[in-house]
Amino acid sequence: MLRVFCAATLVMATGACATTSAPADTTTGVYDPFEGFNRRVFAFNEAADKAVVGPTAKVYEAVTPRLARTGISNALGNLNEPVVFANDLLQGESERAGESFYRFFVNSTVGVLGLWDAAAYFGVEGHSEDFGQTLAVWGVDPGPFLVLPLLGPSNLRDTFGSGVDVALDPLTYVQIDNDNDTDIAFRAGSGVLSALNARITLDDALQALREQPEPYIALRRIYSQTRDAEIRNGREEEDPYKDLPDFDDF
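Below is a summary of the structure that appears in this document.

Parameters and conventions
Residues numbered from 1 in each chain as written. Predicted model: local features only at pLDDT ≥ 70, side-chain atom pairs only at ≥ 80, totals over all residues. Heavy atoms only, no water. Helix = DSSP H or I, 4+ residues; strand = E, 2+ residues; numbered from the N terminus. Buried < 20%, exposed > 50% of the residue type's maximum accessible area, 1.4 Å probe, protein only. Contact = heavy atoms within 4.5 Å. Areas by Shrake-Rupley, 256 points an atom, 1.4 Å probe, with all protein chains shown as cover. Polar contact = N/O pair within 3.5 Å; in protein donor to acceptor, adjacent residues only side chain to side chain. Phe/Tyr/Trp six-rings, centres within 6.5 Å; stacked < 30°, edge-to-face > 60°. 1 Å grid on protein atoms, 1.4 Å probe; cavity = no way out; pocket = protein on both sides within 12 Å on 5 of 7 lines; lining within 4 Å. Points joined across faces, edges and corners; volume = space filled by probe spheres on them. Nonpolar A, V, L, I, M, F, W, Y, C, P; charged D, E, K, R; others polar. Core = buried A, V, L, I, M, F, W, Y, C linked by side-chain atoms within 4.5 Å.

Points about the overall build of the protein
A tally of helices and strands in the protein yields 11 helices and two strands. Counting helices and strands in the order they occur from the N terminus, the protein gives α-α-α-α-α-α-α-β-β-α-α-α-α. Relative to its 250 residues, the protein shows a buried fraction of 36%. The long-range share in the protein, meaning contacts at least 24 apart out of those at least 6 apart in sequence, stands at 65%. Carbon and sulfur atoms provide 62% of the accessible area of the protein, an area that totals close to 15100 Å².

Here is the structure:
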């Protein structure tokens with residue numbers, strides 16, 4: 001279903017780009033030709049969060065001990081390490097790929113299937129990579145800004161990339177007891193738990209966003225800046241003028 005959704009979004013956005021010439025946001029440089037549609041989806045997501053997602057996350061937080069939530073979050077993160085490893089390799093980041101491989105091996109064994117982040121205890125912290133970031137490293141532009149139903153902010157590049165990440169994920173091809181219903185239930189359950197853990201973590205940030213004078217504009221700016229930082233892996237943005245002399249000296 002995710003692949004179909006991503007493909008449909010890709011076709012929709014590509015077709016619209018051919019006929020739309022809306023300018024980019026002059027304050028952030030974010031290209032947002034679908035702002036009207038995005039704002040409606042943003043309003044829908046806000047309503048869904050206030051009515052269903054937020055309250056469900058609160059109940060989950062109340063009934064699940066912090067230690068259990070941490071273990072679940074660690075295990076889900078460990079299941080994603082092969083995707084991180086693949087994207088590290090595709091970006092030519094051999095050292096980071098080695099860290100991802102080490103984390104997956106150590107956490108899957110010493111860390112009891114990832115419930116305990118043993119690799120972090122031994123000094124190797126985790127990092128995030130996805131195919132959207134890989135495309136950016138390869139020089140692919142982000143394309144138009146998108147707000148996806150229930151999934152939140154994205155852009156054309158990252159939406160397409162999320163579909164490729166599904167294809168890169170070994171769990172996509174693993175069958176549990178050769179039972180399709182069990183496979184679907186496992187993937188759906190892990191997706192729900194991941195979303196609930198993320199919602200709890202982002203609670204303060206969401207409240208701060210809602211207090212902004214224009215939450216949609218703030219969301220667009222924050223997403224763009226966050227993704228840029230992730231693509232650079234925390235490195236400072238290179239200044240193209242750094243080697244020029246300081247003409248004030250003359």
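Overview of the side chain of Glu129
Inspection of the secondary structure assignment puts Glu129 in the loop between helix H6 (118-121) and helix H7 (131-137). A distance of 2.8 Å separates polar atoms of two side chains, one belonging to Glu129 and the other to Arg96. Polar side-chain contacts of Glu129 include one of 3.1 Å to the side chain of Gln133. Among residues more than four places away in sequence, those in contact with Glu129 are Val84, Asn87, Asp88, Gln91, Arg96 and Asn233.

A short note on the packing of aromatic side chains
On inspection of all chains with the given rule, the structure shows seven aromatic pairs. Residues Phe85 and Phe101 carry aromatic rings whose centres are separated by 6.1 Å and whose planes lie at 50° to one another, so their mutual orientation is tilted. Of this pair, Phe85 sits in helix H4 (residues 81-90) while Phe101 sits in helix H5 (residues 94-109), and the two are 16 residues apart along the sequence. Look at Phe101 and you get exposed, because its relative accessible area is 53%. Plain terms: the ring middles of Phe145 and Tyr216 are 6.1 Å apart, the flat faces sit at 70° to each other, and that makes the pair edge-to-face. On the criterion of sequence distance, the pair formed by Phe145 in strand E1 (residues 145-148) and Tyr216 in helix H11 (residues 215-231) is long-range, its members being 71 residues apart. Phe145 sits in the buried class, given a relative accessible area of 2%. One aromatic cluster in this structure is built from Phe42, Phe145, Tyr216 and Tyr223.

A closer look at the layout of surface pockets
Approximately 290 Å³ is the volume found for the second largest pocket. In terms of lining residues, the second largest pocket is bounded by 14 residues, among which Pro142, Asn155, Arg157, Ser224 and Asp228 are the most central. Broken down by element, the lining of the second largest pocket gets its largest block of residues, five residues, from H11. The residue makeup of the lining of the second largest pocket, split by class, is six nonpolar, five polar and three charged.

Quick word on the side chain of Asp158
Relative to the assigned elements, Asp158 resides in helix H8 (residues 156-168). Residue class for Asp158 comes out buried when judged on its relative accessible area of 8%. Side-chain polar atoms of Asp158 contact the side chain of Tyr223, separated by 2.6 Å. Apart from the residues lying within four places of it in its own chain, the contact partners of Asp158 are Gly132, Tyr223 and Arg227.

Quick notes on the nonpolar core
Val30, Val41, Phe42, Phe145, Val147, Leu209, Tyr216, Ala218, Leu219 and Tyr223 together form the largest nonpolar core, which totals 10 residues. Elements with a contribution of two residues or more to this core: helix H2 (35-63), E1 and H11. Looking at which element gives the most residues to this core, the answer is H11, with four residues. Residue contacts for Tyr223: discarding those within four places in its chain leaves Phe145, Pro153, Ser154, Asn155 and Asp158.

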